[in-house]
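# Observations on chain architecture
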Amino acid sequence: MSLLRLLLFILLFFSSIANAAVINGIDDEDILNLINSKISNWKDFSKEAISTKFKLNSDRKQIKTILSSYGYFDAEVVVSQKSNEVIFDVKLNERYKFNDIALIYTDQPDYKSGIKVSQAFDLINIEYDSYTNTKQIGDGQDKIINFLKKNGFAFVNISSLKMKINKETKKIRAVYKITLNGKTMIDKTIINLESKKDPDLLKSFIKNRIPWKDGDFYDLKKIIEMKDDLMSSGIFSGIDVKLSDPVWDDKNSKISHTVVTINVTEAPLRDISAGLKYGSSEKVGVLLSWTHYNINGKGSKLSTLLDMTKNLRVARVKYNAYDLFYKKQDLATQIFYTKENVAAYDVSKVGVETILWQTFARKFNLGAGLCCENSKTKDKIDASRIEFNAFGVPLGMNFDTTDNYLDPQKGTRCLAMVTPYFSKKSNMTLFHAKASVYIPVKENSFKSSPVIAIFSKIGAIFRDKNHKIPRDKLFFSGGANSVRGYGYQKIGEVDDKKRPLGGESVFEIGIEPRFKISEDVGLVIFFEGGTVCSSKVPHPFKKMLFGYGIGVRYYTPLAPIRLDLAFPTKRRKTQSGKRIDSMFNLYISIGQAF
């Protein structure tokens, strides 16, 4: 019985193949698959039936329509029949190119958007004078609408899209007819909040993150900015922005008015997370964290972190109070405990730090605070033991003009901190700064591009020559978030037991071109260098050690997962001939290297 079923299956399978339509003259699999999904089922047909002739004519028109949508407006389709199959012979002829865009504003013919033709192509993510399909041109409507919404037209819509074909030049021109519906002014903003605690407590937190005021013109970019600010706080699970129907201005027919309603839903406020990381020299590490995003009902955040590797233990409790006295004035306080056992030293330290940060123009921050630290260091180089009890005055500055925190396409980031420490035994000042720049390969405001990422780091210690610095306070270089070609803390002078000595200054620099090969996967190539000096001021490029490598990025909704393989350009040896540097270093972690 089973054999009979198998023979019947084989017979039906080959008969279905024999009766399927044959399409000749098309090599593009995407076009072929689309055509096969749209034309009739020719597995069973009667050659003489009237319905067959109707289906053949209908399928011929369908094929020409599909080919036209891919730019083959002059395609020819010839239909023929054999005893058990239908054949469509296709001659594609020359494919048309898309080389012009016209934006016509039906209700404001004199409006000038400022978009040049070349920028319009970038806006809808299509190359100028290229082969394309009409679906891509249709998909560009949303991008044009979003652009105009960022310029104040909240109720803009595209009333029609037409393709104008030039048979002589074989070119396509897309004509978008746009109804602006007036530039929209925001008369009032209403906040609706569902909160387990008193909603009024959080309303001021929300208000301080609204970047417009009553009387401003609508700007979609500011709506997105507000949503990002609120969602990044971790307090909210949903933010829905609605506009009331437009009301035309009594005096100016080109202006409309609206009321913005922000509906906000509070998220589950507690979060527990765990993660793993790996480095050739640091080995496997574990990250554990717990966070409460609204501990006092006003948006303050309490978090704990445990970071454990083979040689490092870090425990931290941090409290962030937002909008302390003024808008965007944040107080960050942390208590920490660190125990580190590395080649050059053993140290255990406990401390507390509080810094008040004030934001200016959303991107620029200044901070000042106090810190207190107690540490006990066993120096493995000179066998000394130092207890460090001091208080400090951290002063800082940072700004961030990047367009995306997790995967920046353009912009600059900079952080600089200077901390004078005061104690009975020694006074010293630590300075460190790091800057990174992200440059798109093709300057384009509307679509992603390969990015060249560049970073530089500098650090220096200023002290009285008579005061000894605990070795853990010195600068070291090399490892996962430094010069990846060298092991953890391995850059700089090393003694005969391969122990790094550290230095009073450091300089690092690196470049990393980043390419996306799909929506979820990216590749990077990096070249980095660093030096650690015994002098107070680093000497860039003096005794620099360089490393290079390649990495893979898998992009998740949270952050990219990275895998880097790095190599040193120079493998050093000690005076006794011991090899200091590994042939390569491997890193697995979450987030970009910088």
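Please refer to the structure higher up on the page.
Let me sum up the structure you'll find in this document. (Residues numbered from 1 in each chain as written. Predicted model: local features only at pLDDT ≥ 70, side-chain atom pairs only at ≥ 80, totals over all residues. Heavy atoms only, no water.)

Here we come to the sheet that holds strand S3 (residues 86–91). Judged by pairing direction, the sheet is mixed, and its three strands sit side by side in the order S1-S3-S2 without closing on themselves. Among the strands making up the open sheet, the edge pair consists of strand S1 (22–24) and strand S2 (76–81). For this sheet, the mean inter-axis angle between neighbouring strands, taken without regard to orientation, is 20°. Where S2 lies against S3, six bridges are found, and the strand directions are antiparallel. Pairing of Val79 across the sheet is with Phe88, part of S3. (Pairing = 2+ DSSP bridges. Helix = DSSP H or I, 4+ residues; strand = E, 2+ residues; numbered from the N terminus. Axes fitted to C-alpha atoms, helices over the stretch in contact; angles between N-to-C directions.)

Here the focus is the packing of aromatic side chains. Per the counting criterion, the structure on display carries 14 aromatic pairs. Between Phe455 and Phe594 the ring centres are 4.8 Å apart and the planes differ by 50°, which places this aromatic pair in the tilted class. Of the two residues, Phe455 is situated in strand S22 (residues 451–463) and Phe594 in the segment after strand S27 (585–590); the sequence distance between them amounts to 139 residues. With a relative accessible area of 2%, Phe455 lands in the buried category. A residue is classified by how much of its surface remains accessible, and Phe594, at 11% relative accessible area, is buried. The ring of Phe455 is capped by Lys434, whose NZ or CZ atom sits 5.1 Å from the centre of that ring. Positioned above the aromatic ring of Phe526 is the side chain of Arg484, whose terminal nitrogen or guanidinium carbon lies 3.8 Å from the ring centre. (Phe/Tyr/Trp six-rings, centres within 6.5 Å; stacked < 30°, edge-to-face > 60°. Buried < 20%, exposed > 50% of the residue type's maximum accessible area, 1.4 Å probe, protein only. Lys NZ or Arg CZ within 6 Å of the ring centre and 35° of its normal.)

Our next topic: helix H7 (residues 220–232). With 13 residues, H7 extends 18 Å between its outermost C-alpha atoms, agreeing within 8% with the 18 Å of an ideal straight helix rising 1.5 Å per residue. Among the residues of H7, those classed as buried are Leu220, Ile223, Met226, Asp229 and Leu230. Looking at the buried side of H7, the elements it contacts are helix H5 (134–149), helix H6 (199–207), strand S8 (236–243) and strand S10 (255–266). For H7, the capping residue at the N-terminal end is Asp219, with a side-chain oxygen 2.9 Å from the backbone nitrogen of Lys221. Note on H7: the residue one or two positions beyond its end, Gly234, has a positive phi of about 80°. (Expected span 1.5 Å × (residues − 1). Contact = heavy atoms within 4.5 Å. Polar contact = N/O pair within 3.5 Å; in protein donor to acceptor, adjacent residues only side chain to side chain.)

To continue, consider a nonpolar patch on the surface. On the surface, a nonpolar cluster with roughly 650 Å² of combined accessible area is contributed by Phe515, Ile517, Leu523, Ile525, Ile550, Val552, Leu563 and Ile588. Put simply, the parts of the chain that give the nonpolar patch at least two residues each are strand S24 (521–533) and strand S25 (545–555). (Patch = residues over 30% accessible without salt bridge, like charges linked within 9 Å, V, L, I, M, F, W, Y side chains within 5 Å. Areas by Shrake-Rupley, 256 points an atom, 1.4 Å probe, with all protein chains shown as cover. Salt bridge = Lys/Arg side-chain N within 4 Å of Asp/Glu carboxyl O.)

Under the defined criterion, the tally for this structure stands at 27 salt bridges. A salt bridge links Asp564 to Arg484; the nearest nitrogen and oxygen atoms lie 2.9 Å apart. Of the two residues, Asp564 sits in strand S26 (residues 560–568) while Arg484 sits in the loop between S22 and strand S23 (505–516), which places them 80 residues apart along the sequence. Exposure remark for Asp564: the relative accessible area of 0% places this residue in the buried category. We classify Arg484 as buried; its relative accessible area is 0%. In this structure, the salt-bridge partner of Glu512 is Arg514, at a minimum N-O distance of 2.7 Å. Like Arg514, Glu512 is buried.

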